[in-house]
Amino acid sequence: MKLAILLLATTSFFGLSGDHDAPSLAGIRLEMSKDQVHKILSRVATYKSADENQEVWSVTHDASMSFVFVGFAPDNRVRYITTLARTDGGSPLKCAPLNNPKDSKVTGTPPDTVYTRSWTEHEESYVAIAHGTPGHFTLCAVKKVGSGVEND
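Below or above, wherever it landed, is the structure these notes cover. (Residues numbered from 1 in each chain as written. Predicted model: local features only at pLDDT ≥ 70, side-chain atom pairs only at ≥ 80, totals over all residues. Heavy atoms only, no water.)

Here's the deal with the pairing of strand β5 (residues 65-72)
Where a strand is regular, its side chains alternate between the two sheet faces. Quick note on the threshold: The buried label goes to any residue with under 20% of its type's maximum accessible area, the exposed label to any with over 50%, and the partly exposed label to all in between, with areas taken from a 1.4 Å probe on protein chains only. A run of DSSP states H or I qualifies as a helix once it reaches four residues; a run of E qualifies as a strand once it reaches two. Both are numbered from the N-terminal end. Pairing between two strands is assigned when DSSP locates at least 2 bridges connecting them.
Among the eight residues that make up β5, seven are buried, leaving the element largely enclosed by the rest of the structure. Across five bridges, the pairing between strand β4 (residues 54-59) and β5 is antiparallel. Paired with Glu-55 across the two strands is Val-70, which belongs to β5. Adjacent in sequence and paired antiparallel, β4 and β5 are bridged by five residues. Pairing between β5 and strand β6 (residues 78-85): seven bridges, direction antiparallel. Each bridged residue has a counterpart across the sheet, and for Val-70 the counterpart in β6 is Ile-81.

Right, here's the structure in full:
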């Protein structure tokens, strides 16, 4: 909760944005620039590494997430965001882009259940994925589909 409030305040204060209609996760909105992502995450996480247009950040100021992975399209705009839950008994990981897990495609069996939701808004296609069970997700991801990157 503290992370969400801090990220919302930071985003509003600096006037940072991506596509205002694009989904967001961990205070990062799909289509944000790499510089915008760095301004937001540097306040709540520690940069760990980068590899082939993906950055890994260790979250230091949130009871529910341990890591945020951010993937960038060739134009350095956010293409996907993945969060991993804390394993030390922190707060449950939320997955807002999934919306209502009951409306998602469900595969697997607990505790390895995968929830998938695909949708289109304003001619853009997105997919959200969560692993685990509602209230106990271990991973949440949201991605823009069709961004001109191989293996989309």
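Focus on the sheet that holds strand β3 (residues 45-51)
Condition: Interaxial angles span 0 to 180 degrees and are taken between N-to-C directions of axes, which are lines fitted to C-alpha atoms, for helices over the stretch in contact. Contacts are residue-level and defined by heavy atoms, with any inter-residue pair within 4.5 Å sufficient.
Ordered in space as β3-β4-β5-β6-β10-β9-β8-β7, the eight strands form an open sheet in which the pairing is antiparallel. Where the open sheet ends on each side, the last strands, each with one partner, are β3 and β7 (105-107). For this sheet, the mean angle separating the axes of adjacent strands, direction not counted, is 15 degrees. As judged from the nine bridges shared by strand β9 (residues 124-133) and strand β10 (residues 136-145), these two strands associate in the antiparallel manner. For Ala-128, the partnering residue across the bridge sits in β10 and is Val-142. On top of the sheet, helix α2 (residues 34-41) reaches β3, β4, β5 and β6; it is set at about 170 degrees to β5, its chief contact.

Taken by themselves, the reported measurements are silent on function.
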